[in-house]
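Survey of secondary and tertiary structure
Each chain, written out:
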Amino acid sequence: EIIAQLKDQDGRINVPGVYDSVLPLSEEEKAGFVRLPFNEKAYCEDLGIETVYGEEGYTTLERVWARPSLDLNGIIGGYTGEGSKTVLPSSAKAKLSIRLVPNQDPNDIAVKFEEHLRSIIPPGVKLEFNALHGGMPVLTPRNSKGIKACMTAFKSAFGRESVFMREGGSIPIVEVFQRELDASIVLMGLGLPGDNIHSPNENFDLQHFYGGIKASAIFIEEMTK
């Protein structure tokens, strides 16, 4: 019951204040997402689902790339062995994650999350809350020198204009570099959705491998100008 209350029927997170600092998508970004060759039917087939579901009022790419997510990663409680048991569990555990977007702070969100959980637990229930780890979100300015150099490099290496995307990944060191070096970070995407990253059959397109080498060299040259 506690976990079920964390989202409403429209897919919005029910934790008060979680959306307060969310950086909204610009109209330019929204238009760029529309131009991307995204096939929602193929997306569903790849995930093995019939249809997508998420926060109402946003497209699939906007949900995946620019909106916070709250996910139940695992849950356990009571007897889980073979056969039946009539034992009533005295405790249960759940692991949840929240993907943050630009302007959100993991420490602030963790506090809001715990406060909300404590406000909705039934009488007589004890809650133990552990914030395991978090990373600051990053958004590189699209008009930075690095991004402009990257666009030139990609067009020279691959013969096509760059397209911009946000990505729901977890590379906390990127924010540290950006903050400590006071420099806009450039992330050059060379992988494809079908690369099966981190899986036993992970692969990488050779055309992108050699194109990436060329793009990196041109990028460095452009940055020296």
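**Quick word on the confidence of the model for the chain**
The predicted model of the chain has a mean per-residue pLDDT of 91, with 100% of residues at 70 or higher. Here helix 1 (residues 27-35) is the element of the chain with the lowest mean pLDDT, 88, and helix 7 (residues 206-223) is the one with the highest, 96.

**Considerations on the nonpolar core**
The biggest cluster of nonpolar side chains holds 14 residues, and the ones touching the most others in it are Leu6, Ile13, Val15, Val18, Leu70 and Phe113. Among the elements that make up this core, the one with the highest residue count is helix 4 (residues 106-120) (4 residues). With 8 residues, the next largest nonpolar core counts Cys150, Ala157, Ala215 and Phe219 among its residues.

**A word on unusual backbone geometry**
Positive phi, normally seen in glycine, also occurs at Asn103, with a value near 85°. Here Asn103 shows up in the loop between strand 2 (92-99) and helix 4. On the accessibility criterion, Asn103 (53% relative accessible area) is exposed. The phi torsion at His198 lies on the positive side, around 70°, for a residue other than glycine.

**Let's talk about the side chain of Thr140**
The residue Thr140 is located in the loop between helix 4 and helix 5 (145-158) in this model. On the accessibility criterion, Thr140 (18% relative accessible area) is buried. In this structure the side chain of Thr140 is engaged in a polar contact, spanning 2.5 Å, whose partner is the backbone oxygen of Ile185. Apart from the residues lying within four places of it in its own chain, the contact partners of Thr140 are Ile147, Gln178, Ser184 and Ile185.

Parameters at a glance
Residues numbered from 1 in each chain as written. Predicted model: local features only at pLDDT ≥ 70, side-chain atom pairs only at ≥ 80, totals over all residues. Heavy atoms only, no water. pLDDT = per-residue confidence, 0-100. Helix = DSSP H or I, 4+ residues; strand = E, 2+ residues; numbered from the N terminus. Core = buried A, V, L, I, M, F, W, Y, C linked by side-chain atoms within 4.5 Å. Buried < 20%, exposed > 50% of the residue type's maximum accessible area, 1.4 Å probe, protein only. Polar contact = N/O pair within 3.5 Å; in protein donor to acceptor, adjacent residues only side chain to side chain. Contact = heavy atoms within 4.5 Å.

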